[in-house]
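Reading the structure
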Amino acid sequence: AQKITQTQPGMFVQEKEAVTLDCTYDTSDQSYGLFWYKQPSSGEMIFLIYQGSYDEQNATEGRYSLNFQKARKSANLVISASQLGDSAMYFCASQPYGGATNKLIFGTGTLLAVQP
Amino acid sequence: DTGVSQDPRHKITKRGQNVTFRCDPISEHNRLYWYRQTLGQGPEFLTYFQNEAQLEKSRLLSDRFSAERPKGSFSTLEIQRTEQGDSAMYLCASSPSETRRVIHFGPGTRLLVL
């Protein structure tokens, strides 16, 4: 079974600075996807970025990039030039491919607070 | 192109009552998921549909919970004889069946059982 670990319950970052949110995963699957979602106080889960386990390059989406280190089983999210609107909960998730299940497994999340 | 929609957005009910939530996935997404999220936790998987077939159910889905997806379009999640422990955010998500496809979530239904 897959497991996602997010060791940072909360973090502060100054506006316009970069921040890294940690995520490690535990899986025996050979093929899988890794996702990051943002959840503001409104509750909606907003997709940010995706990395496939066989992707050779790290994924980037605007100010978001995913630092994928397969051997270490880590998939850290980097947010560059933080904005006040980035304050939210951030969840890392994984999805196995090719097996009997297709569910996303989530970590416990990191609460990010961007300070002016 | 509309996203995943859920109705209602909020529901307050008394213990012992039945409630039903609806989810409309993104059109042509044949995979549909239900998740439950309690305060301070990540979403927990409840069940998964591929078209109209319910292919996977979590042990969290007790006998009081039932989900359907008739005709492989919208889905409903019913909770019978609600308990205070059922209070949570119920999230619906959908995706195409191919791998490497993003799973998109709806805004959720926040349930409070008094």
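Summary of the structure given here. (Residues numbered from 1 in each chain as written. Chains lettered and ligands numbered in written order. Predicted model: local features only at pLDDT ≥ 70, side-chain atom pairs only at ≥ 80, totals over all residues. Heavy atoms only, no water.)

Description of unusual backbone geometry
Residues and elements named next belong to chain B. The omega torsion across D7 and P8 is -5°, close enough to zero to call that bond cis. With respect to the helices and strands, P8 occurs in the loop between strand 1 (5-7) and strand 2 (10-13). The phi dihedral of E28 is positive, around 75°, even though this residue is not glycine. What makes E28 exposed here is its relative accessible area of 79%. Positive phi outside glycine occurs at N51, with the angle close to 55°. With respect to the helices, strands and loops of the structure, N51 is situated in the loop between strand 5 (44-50) and strand 6 (53-57). (Helix = DSSP H or I, 4+ residues; strand = E, 2+ residues; numbered from the N terminus. Buried < 20%, exposed > 50% of the residue type's maximum accessible area, 1.4 Å probe, protein only.)

Some points on the side chain of B:T47
Residue position: B:T47 is located in strand 5. Once residues lying within four places of it in the same chain are set aside, the contact partners of B:T47 are B:L32, B:Y33, B:W34, B:Q54, B:E56, B:K57, B:L61 and B:A67. (Contact = heavy atoms within 4.5 Å.)

With respect to the pairing of strand 6 (residues 46-52) of chain A
Residues and elements named next belong to chain A. Taken across its seven residues, strand 6 has five buried, putting it largely inside the fold. For strand 5 (residues 32-39) and strand 6, the ladder comprises six bridges, and the chain directions are antiparallel. When the sheet's bridge partners are listed, L34 is paired in strand 6 with Q51. Connecting the antiparallel pair strand 5 and strand 6 is a turn made up of six residues, with G43 showing a positive phi of about 100°. (Pairing = 2+ DSSP bridges.)

Structural measurements only, silent on function.
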